[in-house]
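Chain by chain, the residues run as shown.
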Amino acid sequence: MLAKRIIPCLDVDNGRVVKGIRFVSLVDAGDPVEQGKRYDAEGADELTFLDITASSDKRDIVADLVRRVADEVFIPFTVGGGLRTVEDIRTILRAGADKITLNTAALETPHLIGACAETFGSQCVVVAIDARRRNAHEASEGWEVYTHGGRRNVGIDALEWATRAQQLGAGEILLTSMDRDGTRNGYDIELTRAVSNAVRIPVIASGGAGKLEHFYEALTAGGASAVLAASLFHFGEFSISEVKNYLRGRGVEVR
Amino acid sequence: MVQVAVIDYGVGNLRSVEKAFAATGCEAVVSGDERVLRGADKLVLPGVGAFGACMKALSERGFDQLVRERVEEGTPLLGVCVGMQLLFEESDEFGATPGLGLLQGRVRRFDDELVVPHVGWNRVTARQSHALFSAVAQDAFFYFVHSYYCEPKDQSVVAGETEYGVRYASVVAKANICGVQFHPEKSQEAGLQLLKNFARLNSRC
């Protein structure tokens, strides 16, 4: 049986792992190479690296960092942040990434998803969706997609965008709840379930993990194939194996 | 002479395959140079993305013929992911596309009721005591990412199986021809052990 995946995420700014709360107020959380190595050793199922450095003239530096992290890990490695063209993506894949995530660029240029899927295969195209509730207290009013690190509402419904991304060739959806990100109040289960139901590709739930049961909820009630978390792992509140032991104890297949 | 050559035909993240062999202490090079590929002791045929695109890229370089000839000479060959699928006669991807035809059978898409691609860590159950599985635990987890699976005509080539909606051949072996549907280079210890086993094979798988 296919195991549910636990994925630590490195948000990287100017070469350092940082952690934001609701996409702002960054705190230093270490060296990406060291963190990547540690997660590989701890039994993480994949590693995600999101470059949030604002300036775009640092492509080469990012590629070098990706190469150094890739050299240390023997698990799938996903890289995202500021990738805008097929050439940007080729550079990152050559540096050792297995998958890339597209966010703003995919919304601005949807055919980029298809171009990447054709060139590199759907398996390496993860479309990242940052979604926020239209009404914080009412899931039935749905979710809207935001870009630019959550600063800009693009006026597109999250479920529609997820479905479209799948049609265009996305291999996975990385779904972040902006309402929950950094709050530790749990994943947005209604959002996760709604997107999982809307698509046939794997959904990675992100944003809001704070307790062990949050992982369980996202993988069961939420229907997610994988769960992603950052600060919870970086600052050592939970190790990957603690999360896995907990899930195993509740009957969830993990590696 | 190069021990293991990973065939570079312009697809995929080959750096991780090279790095994984290096981590096992085996000499491996990624090469698109025909002389290197003809001289190597063993060949790895990688592959990601679309079956048709992989087959086209392989043929454009004349490597389809090279692989057939090397296999004929008895050189051990390991197909990885789409590289395993290419060993078969035909794939259903985008209409029927012919493969290398080194093994009989075809490549089919997973049922639409499943979440596809099949992405993540899944178990491999050995069906034969094959040298590839030496020191690899039974039902060990490996990392998979694929939407199509191989359906060999001859069940005797099935060396390992995995369950995802259907029980399918995730490892095949026939004489010097081997194939794995998962990515050993992304499968930590079990994957590295399997690559090491491949690098240590004698002339026969």
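By convention here, each chain's residues receive numbers from 1 onward along its written sequence. As they are written, the chains are lettered A onward and the ligands numbered 1 onward, keeping that order. Local features in this predicted model are restricted to residues of pLDDT 70 or higher, and side-chain atom pairs are both shown and tallied only at a pLDDT of 80 or more, whereas totals for entire chains, interfaces and linings draw on every residue.

**Points about the overall build of chain A**
Per the convention used, a helix needs a DSSP run of H or I reaching at least four residues, while a strand needs a run of E reaching at least two, with both numbered from the N terminus. A tally of regular secondary structure across chain A gives 10 helices and 12 strands. Taken over C-alpha atoms, the radius of gyration is set against a globule rule of 2.2 Å times the number of residues to the power 0.38. On C-alpha atoms alone, chain A measures out to a radius of gyration of 17 Å, which is about the 18 Å that the 2.2 N^0.38 rule sets for 255 residues. Buried positions account for 53% of the 255 residues belonging to chain A. Once C-beta atoms are placed from the backbone, any two residues with those atoms within 7 Å are in contact. Relative to all contacts within chain A whose residues are 6 or more apart in sequence, the contacts with residues 24 or more apart total 65%. The exposure scheme places C-beta atoms from the backbone and then counts, for each residue, the other C-beta atoms within 10 Å of its own, assigning buried at 20 or more, exposed at 12 or fewer, and partly exposed in between.

**Observations concerning the overall build of chain B**
Along the backbone of chain B there are 6 helices and 13 strands. Taking 2.2 N^0.38 as the reference for a compact globule, 205 residues should give roughly 17 Å; the C-alpha atoms of chain B span a radius of gyration of 15 Å, in line with that estimate. Based on the C-alpha atoms only, the size of chain B along its principal axes is roughly 50 × 35 × 30 Å. Across the 205 residues in chain B, those meeting the buried criterion constitute 55%. Within chain B, counting contacts between residues at least 6 apart in sequence, those at least 24 apart form 69% of the total.

**Brief notes about unusual backbone geometry**
Residues and elements named next belong to chain B. A cis amide bond links V116 with the next residue in sequence, P117, at an omega value of 5°. Mapping P117 onto the fold places it in the loop between strand 7 (105-109) and strand 8 (118-126). Although it is not a glycine, D139 adopts a positive phi angle of roughly 60°. On the secondary structure map, D139 appears in the loop between strand 8 and strand 9 (140-146). Positive phi, normally seen in glycine, also occurs at A175, with a value near 50°. Mapped onto the secondary structure, A175 falls in the loop between strand 12 (166-174) and strand 13 (177-180). Exposure remark for A175: the 14 C-beta atoms within 10 Å place this residue in the partly exposed category.

**Section: the interface of chain A and chain B**
Counting residues at the interface gives 25 residues for chain A, matched by 26 residues for chain B. Class assignment for the residues of the side of chain A that touches chain B results in 12 nonpolar, 6 polar and 7 charged. Residues are grouped as follows: Ala, Val, Leu, Ile, Met, Phe, Trp, Tyr, Cys and Pro are nonpolar; Asp, Glu, Lys and Arg are charged; every other residue, Gly included, is polar.

**Points about the nonpolar core**
Under the definition applied here, buried Ala, Val, Leu, Ile, Met, Phe, Trp, Tyr and Cys residues are grouped into a nonpolar core through C-beta atoms within 7 Å. Grouped together as the largest cluster of nonpolar side chains are 157 residues, with contacts concentrated most on I100, V127, I173 and V227 of chain A together with V172 of chain B. Setting aside residues no more than four positions away along its own chain, V227 of chain A makes contact with I6, I7, A205, A209, F215, A218 and L219 of chain A.

**Description of the environment of C178 of chain B**
Residue placement: C178 of chain B occurs in strand 13. In the structure, C178 of chain B is positioned 20 residues away from F198 of chain B in sequence and 8.9 Å away in space, judged by C-alpha atoms.

**Let's talk about the packing of helix 1 (residues 15-23) of chain B against helix 6 (residues 188-200) of chain B**
Residue and element names in this part refer to chain B. Two elements in contact, helix 1 and helix 6, have axes whose closest approach is 9 Å; the angle formed by their N-to-C orientations is 80°. The angle between the axes of helix 1 and helix 6 places the two elements in the roughly perpendicular class. Residues A20, F21 and A23 of helix 1 pack against G191, L192, L195 and A199 of helix 6. Class assignment for the residues of the contact of helix 1 with helix 6 results in 6 nonpolar, 1 polar and no charged. Only the contacting stretch of a helix is used when fitting its axis, a line to C-alpha atoms as for every element, and angles between N-to-C directions run 0 to 180 degrees. Orientation is classified from the angle alone, with under 35 degrees giving roughly parallel, over 145 giving roughly antiparallel, 65 to 115 giving roughly perpendicular, and any other angle giving oblique.

**Observations concerning the pairing of strand 9 (residues 152-157) of chain A**
Each regular strand shows side chains that alternate between the opposite faces of the sheet. All names here are of chain A. The pairing criterion is simple: DSSP has to find at least two bridges between the two strands. Two strands pair when backbone bridges link them, and strand 8 (residues 143-147) and strand 9 are joined in this way by 3 bridges, in the antiparallel orientation. If you follow E144 over to strand 9, its bridge partner there is D157. Here strand 8 folds back onto strand 9 in antiparallel fashion, the turn holding 4 residues, of which H148 has a positive phi close to 55°.

**Let's talk about the packing of helix 1 (residues 32-42) of chain A against helix 2 (residues 59-70) of chain A**
Residue and element names in this part refer to chain A. The interhelical angle for the contact between helix 1 and helix 2, taken along N-to-C directions, is 30°, at an axis separation of 9 Å. If you check the angle between helix 1 and helix 2, you find them roughly parallel. Handedness of the crossing formed by helix 1 with helix 2: right-handed. Between helix 1 and helix 2, the contacting residues are P32, V33 and G36 on the first element and L65, R68 and V69 on the second. By the definition used in this description, the sense in which the near helix is turned from the far one sets the handedness, with an anticlockwise turn below a right angle giving left-handed and a clockwise turn giving right-handed.

**Considering helix 8 (residues 212-219) of chain A**
Residue and element names in this part refer to chain A. Within helix 8, 6 of the 8 residues are buried, which leaves it mostly tucked inside the rest of the structure. Every buried residue belonging to helix 8 is among H214, F215, Y216, E217, A218 and L219, and all of these are buried. Its buried side turned inward, helix 8 meets helix 7 (189-198), strand 11 (203-206), strand 12 (226-229) and helix 10 (240-249).

**A few points about the pairing of strand 9 of chain B**
Residue and element names in this part refer to chain B. Burial runs high along strand 9: 7 of the 7 residues are buried. Of the two faces of strand 9, the one holding A140, F142, F144 and H146 and the one holding F141, Y143 and V145 are both buried throughout. As paired elements, strand 8 and strand 9 share 7 bridges and run antiparallel to each other. Paired with H118 across the two strands is H146, which belongs to strand 9.

Everything listed is a geometric property; what it means functionally is a separate question.
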